[in-house]
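Structural description and commentary
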Amino acid sequence: MTTTVFLDLGKQPITNNFLKIQNPPNEFFYNLKIMFNEETKLVSLVDFVPPEKMFNETYAHRASMSLTMREAYKELSLKIKDRFNPKSILEIGSNDGVFLKNFLDIGPIGVEPCKNLAEITNSMNIKTYANFWNISLSNKVSNDNGKFEFIYSANTISHIQNLEEAISAVDNILTDNGVFVLEDPSLLEVLKNISYDQFYDEHAYVFSVTAINNLLKRTELEIFDIEKLTTHGGSNRIYIKKKKNKLNTSKIVSSTLKFEEDFGIDKLETYQKFAKSVEKSKNDLCSIFQNLKSKNNKIIGYGATYKSSTILNYCGLNSECIEYFVDTTKNKQGKFTPGTHIPIIKPDNYLKNDINFVFLGAWNFKNEIFNKEKKYIDNGGKFITHVPFPQII
Ligand code: TMP
């Protein structure tokens, strides 16, 4: 056996299935178990959820809702123009166009299976294919538009269950001197921060650089640069080229692989140790909630993220523990969190100080949120977070 299940996060709902009624009959749940492949070093879900159940016209996440993300994408587009000056660009998983709108002058092309999002980008003059990314779509896109000098995919390739096909489809449509940038949460950061909330239905995989490197060995592609990002609690932006393209390979590639090896990313024991830390994290977070609730504190949640769904369901935090969530995403407002049925409402301009504690669902936007809620904090308001360990801040 090359794969071993190391973590069981119990019954979980579809994270983007925000509920229209609080207690719907027949809500869909699946078993969230995570496994490690000792041969490829890939970490993946044991049971994949059918993609059509997750990525459809009701998909709620809008990348452009966050100021942090809007600014990050603007900055990235300037960097790409400066470093590579591409004449053609494709984004796989273009969401609401927050990245591609910076390339309107070169006729950007998007791929986005969620029809509600594809409609938005098509209306922004970004030609968007509302389909899942695979070889047959890459053939169609290249027949229609030719090959691409730059392909970008953030938080998408890790969602595609047939990973080898997804990578071959990129290889198929990249020019010989082209660059493919893949950006996804870093497994190393997940292990370091005990941020087990990166495991949910959409994340079929959580990548280490080691696993991507191994995967590419079987293709015509290779990594030539890496950037470490703070987005989503720690991500890797991995720059990939064709092996025959003579672009220089940065030293950061070998140093990152060595760092991951030294951390033990290639060893099953590392994951078994992580699983024990996850259990402790759950027990400690539950104790914090029990203690605060026993003193009748008013606790709400901030940011009904997909990630927080794993925490809430695994730790059994429902509307008795968290009165409601505030979230700026319009199509989450007026709905209820999947599985745990906590109401989600539109935030007031600022948090009011009759709220004693705020659970940071969107912990990856901690700085942005703390800046926005300075008055609440100055007046004694407190936040609860589970990263890197459960605590009140
Ligand atoms: P994400 O981590 O999947 O990008 O989701 C972040 C969610 O948090 C998104 O629904 C918007 C919400 N959010 C707020 O409600 N207020 C904020 O200040 C920020 C930064 C995010």
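Each remark here, short or long, concerns the structure printed above.
Residues numbered from 1 in each chain as written. Predicted model: local features only at pLDDT ≥ 70, side-chain atom pairs only at ≥ 80, totals over all residues. Heavy atoms only, no water.

With respect to the secondary-structure elements, H159 resides in the loop between β7 (148-154) and α5 (163-173). One polar contact links the side chain of H159 to the main-chain carbonyl oxygen of N155, over a distance of 3.1 Å. Setting aside its immediate chain neighbours within four residues, H159 contacts F55, E202, H203 and A204. (Helix = DSSP H or I, 4+ residues; strand = E, 2+ residues; numbered from the N terminus. Polar contact = N/O pair within 3.5 Å; in protein donor to acceptor, adjacent residues only side chain to side chain. Contact = heavy atoms within 4.5 Å.)

Taken together, the seven strands give an open sheet; going across it, the order is β6-β5-β4-β7-β8-β11-β10, and neighbouring strands pair in mixed fashion. Looking at strand neighbours, the two that pair on one side only are β6 (127-129) and β10 (221-229), the edges of this open sheet. Within this sheet the neighbouring strands show an average axis-to-axis angle of 20 degrees, counted without direction. Lying on the sheet, helix α4 (residues 135-145) is in contact with β4 (89-92), β5 (109-111), β6 and β7; it crosses β6 at an angle near 155 degrees. In the packing of α5 onto the sheet, the strands contacted are β4, β7, β8 (174-185), β10 and β11 (235-242), and the crossing angle to β8 comes to about 145 degrees. (Pairing = 2+ DSSP bridges. Axes fitted to C-alpha atoms, helices over the stretch in contact; angles between N-to-C directions.)

Secondary-structure assignment places N297 in the loop between α9 (268-294) and β12 (299-302). Not counting the four nearest positions on each side in its chain, N297 is found in contact with L292, N356 and F357.

Here we take up the pairing of β11. Buried residues dominate β11, accounting for eight of its eight residues. Sheet topology note: the β8/β11 ladder contains seven bridges and is antiparallel. Its bridge partner being in β11, V179 is matched across the sheet by K241. Of the pairings in the sheet, the one linking β10 to β11 comprises eight bridges and is antiparallel in character. Bridge pairing in β11 links E227 to R237. Adjacent in sequence and paired antiparallel, β10 and β11 are bridged by five residues, among which H232 carries a positive phi angle near 50 degrees. (Buried < 20%, exposed > 50% of the residue type's maximum accessible area, 1.4 Å probe, protein only.)

So, to be careful, I would describe these as geometric facts and stop short of saying anything about function.
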